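What follows is each chain in one-letter form.
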Protein chains: 2
Amino acid sequence: MSDDVHVMPPPSTVGESAYQKIRSDIVFGRLLPGKKLKLERLKTDYGASVSTLREILNRLHSERLVVAEGQKGFEVAPVSIANLREIAALRQLLEGRALEQSFRAGDMEWEGRVVAAHHRLARMEERMAQGDRSHTEGWKRYDWQFHQALISACGSKMLIDNHAAVFDKYLRYQMIALSYRGDIAANEHAELLECALERDAARACEVLTRHVAGGVEHALRTGTIS
Amino acid sequence: MSDDVHVMPPPSTVGESAYQKIRSDIVFGRLLPGKKLKLERLKTDYGASVSTLREILNRLHSERLVVAEGQKGFEVAPVSIANLREIAALRQLLEGRALEQSFRAGDMEWEGRVVAAHHRLARMEERMAQGDRSHTEGWKRYDWQFHQALISACGSKMLIDNHAAVFDKYLRYQMIALSYRGDIAANEHAELLECALERDAARACEVLTRHVAGGVEHALRTGTIS
DNA sequence: ATTTTCAAAATATCAGATAATTTGATTAAT
DNA sequence: ATTAATCAAATTATCTGATATTTTGAAAAT
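The rules behind these values
- Residues numbered from 1 in each chain as written.
- Chains lettered and ligands numbered in written order.
- Predicted model: local features only at pLDDT ≥ 70, side-chain atom pairs only at ≥ 80, totals over all residues.
- Heavy atoms only, no water.
- Helix = DSSP H or I, 4+ residues; strand = E, 2+ residues; numbered from the N terminus.
- Buried < 20%, exposed > 50% of the residue type's maximum accessible area, 1.4 Å probe, protein only.
- Contact = heavy atoms within 4.5 Å.
- Areas by Shrake-Rupley, 256 points an atom, 1.4 Å probe, with all protein chains shown as cover.
- Salt bridge = Lys/Arg side-chain N within 4 Å of Asp/Glu carboxyl O.
- Buried area = accessible area lost by both parts, 1.4 Å probe.
- Polar contact = N/O pair within 3.5 Å; in protein donor to acceptor, adjacent residues only side chain to side chain.
- Nonpolar A, V, L, I, M, F, W, Y, C, P; charged D, E, K, R; others polar.
- Near = heavy atom within 4 Å.
- Core = buried A, V, L, I, M, F, W, Y, C linked by side-chain atoms within 4.5 Å.
- Least-squares fit on C-alpha atoms with pLDDT ≥ 70 in both.
- Expected span 1.5 Å × (residues − 1).

Draft legend 1. Molecular detail of the overall build of chain A. Along chain A, the regular secondary structure elements total nine helices and three strands. Looking at chain A as a whole, 54% of its 226 residues are labelled buried. Within chain A, contacts between residues separated by at least 24 positions form 74% of all contacts whose residues are at least 6 apart in sequence. Carbon together with sulfur atoms contributes 53% to the accessible area of chain A, which is approximately 9800 Å² in total.

Draft legend 2. Broad picture of the pattern of salt bridges. Scanning all chains against the criterion turns up 30 salt bridges over all chains. One salt bridge in this structure joins R23 of chain A and E63 of chain A, with 2.9 Å as the shortest N-O distance. On the criterion of sequence distance, the pair formed by R23 of chain A in helix α1 (residues 14-27) and E63 of chain A in the loop between α3 (50-62) and β2 (66-68) is long-range, its members being 40 residues apart. By relative accessible area, which is 7% here, R23 of chain A ends up buried. On the accessibility criterion, E63 of chain A (17% relative accessible area) is buried. As a salt-bridge pair, R41 of chain B and D45 of chain B come within 3.3 Å of each other at their nearest N and O atoms. A residue pair is termed a helical-turn pair when its members lie 3 or 4 positions apart in one helix, as R41 of chain B and D45 of chain B do in helix α2 (residues 39-46) at four residues. Judged by relative accessible area, R41 of chain B falls into the partly exposed class, the value being 49%. Each of D25, R30, E137 and R141 of chain A takes part in one network of salt bridges that share partners.

Draft legend 3. The arrangement of the interface of chain A and chain B in detail. In this complex, chain A contributes 27 residues to the contact, which on the side of chain B involves 27 residues. Taking both sides of the interface into account, the surface hidden between chain A and chain B amounts to around 2600 Å²; carbon and sulfur atoms contribute 58%. On the chain A side of the interface with chain B, the three residues burying the most area are E55, L93 and M158 of chain A, jointly 25% of the side's total. Summed over the shared surface of chain A and chain B, the number is four salt bridges. Summed over the shared surface of chain A and chain B, the result is 14 residue pairs in polar contact (both at pLDDT 80 or more). For the side of chain A that touches chain B, the secondary-structure elements that each account for two or more residues are α3, α4 (81-105) and α7 (157-176) of chain A. Looking at side-chain class alone, the side of chain A that touches chain B contains eight nonpolar, nine polar and ten charged residues.

Draft legend 4. Local environment of the protein's contact with DNA strand D. Near DNA strand D, the surroundings consist of 17 residues, among which R54 of chain A together with T13, G15, S49 and T52 of chain B are the closest. When the atoms of DNA strand D within 4 Å of the protein are sorted by group, sugar and phosphate make up 81%. For DNA strand D, a phosphate oxygen lies 2.8 Å from a polar atom in the backbone of G15 of chain B. The contact in question runs from a phosphate oxygen of DNA strand D to an N or O atom on the side chain of T52 of chain B, over 2.7 Å. A per-class count over the surface near DNA strand D returns four nonpolar, nine polar and four charged.

Draft legend 5. The nonpolar core, seen in detail. By size, the foremost hydrophobic cluster in this structure holds 74 residues, and its most contacted members are L90 and L94 of chain A together with L90 and L94 of chain B. Residues contacting L90 of chain A, with those up to four places away along its chain left out, are V166 of chain A together with L94, M158, L159 and N162 of chain B.

Draft legend 6. Highlighting the relation of the copies chain A and chain B. Aligned on chain B, chain A shows an RMSD of 0.0 Å; the corresponding rotation is 180° and the shift along the axis is 0.0 Å. Taken together, the rotation and translation relating the two chain copies correspond to the operation of a two-fold axis.

Draft legend 7. Molecular detail of the environment of W110 of chain B. All names here are of chain B. Position of W110 relative to the elements: it lies in helix α5 (residues 108-129). When its relative accessible area of 0% is taken as the criterion, W110 is described as buried. As a C-alpha pair, W110 and S24 span 86 residues in sequence and 27 Å in three-dimensional space.

Draft legend 8. Examining α1 of chain A more closely. All names here are of chain A. Over its 14 residues, α1 runs 20 Å from end to end, which matches the ideal 20 Å to within 8%, given 1.5 Å per residue. For α1, the buried fraction is high: eleven of the 14 residues fall into the buried class. At the N-terminal end of α1, a side-chain oxygen is found 3.2 Å from the backbone nitrogen of G15, two or three residues along, and the residue is T13. Among the residues trailing α1, G29 stands out with phi positive, at a value near 75°.

Don't take any of this as a statement about function, it's just geometry.
Written out as structure tokens, the structure reads:
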């Protein structure tokens, strides 16, 4: 069930695929904060009926990616500096704990997944470093998958799910701020890999905290978030 | 927005009130785990149309209180020992962090809220201790409100929301197990109040951990969870 | 006792209708 | 020229009912 924008099961039903499209459009900033989500419009944009769309919007409302005020319909959740800071803090808390547990329980299978995920991410980061900015989304997907791989042995589906939900909200801010700070982030990712292989959870947490805090400050410096 | 089964805004719309009823029926164990939620049945039970009910079920699905498998409709989320343990651990993590922050930031206003909430809870616990088991739900509501009051000054809506979501899942297990361990819990609540007034976050976390762990073991001992 | 077959039940999705609410623009009042 | 009152159009929440697809459970066949 811990599916997300990044690793999704084949969308079987109409509603499911429209859900994934809309969610991804919000997380990747193609639907901007505050954007009114009028049903008629969505109908043509996502090819689903009003009833189905309302089901989807209700789901996204639960996830706090969409707000629904009274009978005024739906809109993409707004952003704020305070909210970004809260999300970042929560990510540090959840991911930090998950890292500890995962490092403790991770076996060789897990190490393999981590190394593989880091490899893909690092490759992508090389390209990005050379100015090729055409794969920002793909890059973020690999970023997500790397962090997810790191905690994948934590043993708690609850923790993984909650982390994924928070991570996506964090990601939305990064996409909105279009913030690329490739080199620094890449180094931090390499450090995390090192920590994982050495099972040094304490240092991993320290790196993670820096990683997330850096992302926040960088995003804020772009001035796109108010 | 951090509304819940315990402090809800007046249900303005039809869908909203049906949502609250169904959610509360799940959390308080009136709808048991695994129960099939057939639309026609819900229609008569909660007085809402299929479309509205589907919106509600989709919301509850996001909240992981309901599962929706393929085209097989909806049912109340199952329970398991592993899931209970994960929930408890997450509650300890979130509530512990929130306590620390709340204790640091709490002012006199906050102290008042905490004292008031504890008073109501303690009174209720007195009654329960005398064998009056008719207010179990009310008791749990006060329990919720006390813990909520303790963390209410933590300064993070995100944290409060996430905690509330986890708390309600924890609560569902308590209700399903019908576990009343009044005296012990009451003492722990009193201890927490003490810690709050002394701003002793470390000890509060220690008490909380014991509190939650105790609840889990007690619930498991009833044998109602498999 | 399985497996196959098939009708009834239930679901996902849609279109269209109604009442209530919100929105924006126009008009009136200060 | 702002502010306030007014009103039609747009939008919403909700319901009913229809269709195609899936799932379920029982009867038939192996």
